[in-house]
Amino acid sequence: MEPRASLERFMQGNRRFMSGCPAPVDLTERREATAAGQVPWAAVVACADARVAPEIVFDTTLGDLFVVRTGGNVVDELVLGSLRFGVETLGAPLIVVIGHYGCGAVRATCDGDTPAHLACVCDEVLPSVKAARAAGVTGEIEVCDEAVRLHAEAMAARIRADELFGNTVPVAWGVYDVVSGEMRFHDTAGLDTG
């Protein structure tokens, strides 16, 4: 599948999810069809937040997405290694980084009240929080929302900087709204979906 077609598939699936009309899927048939292997049409980096399950918010099914989830959608060496597998071995033609409003890791970083178990995640988010404040964004919610966007963009840039992904696979990023269910792509890596 071409990267542009993959991105369009994300958008169509998100529209079905928001409308409450998911595509009908025979899960038994799909499980049997994918038992021998997977051929995902995209790789996804998303937050571990239970409200941001990419397979659901993009109305996909078994074998469609190669998903890597971490607190605060942080991209580190483990995530890069997983993405390399998804692209090199499985052939995913597109990588999408998903940030989301209401992210607990971003909120903890904005509040400066970092629990010990989130310290390594908040350390990764902190530059985006500082950048949001330096840009003159005011108000607690607004700073956190801007930090969510900046952090997703920074994680996409981190993937693009990797020698494997730099010129071989497009990397798009966007922000998911946990209230409306809408995914808004802010950067589609030069992919024009018409």
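One can find the structure itself at the top, above this paragraph.
These numbers were taken from a predicted model, which means no experiment stands behind them.

Peer 1: Tell me about the pattern of salt bridges, residues and numbers included.
Peer 2: Enumeration over the complete set of coordinates arrives at 12 salt bridges. The partner of D64 in a salt bridge is R30, and the shortest N-O contact between them spans 3.1 Å. You can see D64 sitting in the loop between α3 (54-57) and β2 (65-70) and its partner R30 sitting in helix α2 (residues 27-34), a full 34 residues away along the chain. We classify R30 as partly exposed; its relative accessible area is 25%. Among the ionic pairs, E140 bridges to R107, the shortest N-O distance being 3.9 Å. One end of the pair, E140, is in helix α7 (residues 140-161); the other, R107, is in helix α5 (residues 104-111), with 33 residues separating them in the sequence. Counted as one network, the salt bridges with shared partners bring together R9, R30 and D64.

Peer 1: Just give me the short version of a nonpolar patch on the surface, but keep the residues and values in it.
Peer 2: On the surface, a cluster of nonpolar side chains totalling about 250 Å² of accessible area is made up of V25, L27 and L62. Looking at the secondary structure, you find L27 in helix α2.

Peer 1: So, α7: which residues are in play, and what are the values?
Peer 2: Between its first and last C-alpha, α7 extends 31 Å over 22 residues, near the 32 Å set by a 1.5 Å rise per residue. What α7 keeps buried is the set V143, C144, A147, V148, H151, A152, M155, A156 and I159.

The rules we used
Residues numbered from 1 in each chain as written. Predicted model: local features only at pLDDT ≥ 70, side-chain atom pairs only at ≥ 80, totals over all residues. Heavy atoms only, no water. Salt bridge = Lys/Arg side-chain N within 4 Å of Asp/Glu carboxyl O. Helix = DSSP H or I, 4+ residues; strand = E, 2+ residues; numbered from the N terminus. Buried < 20%, exposed > 50% of the residue type's maximum accessible area, 1.4 Å probe, protein only. Patch = residues over 30% accessible without salt bridge, like charges linked within 9 Å, V, L, I, M, F, W, Y side chains within 5 Å. Areas by Shrake-Rupley, 256 points an atom, 1.4 Å probe, with all protein chains shown as cover. Expected span 1.5 Å × (residues − 1).

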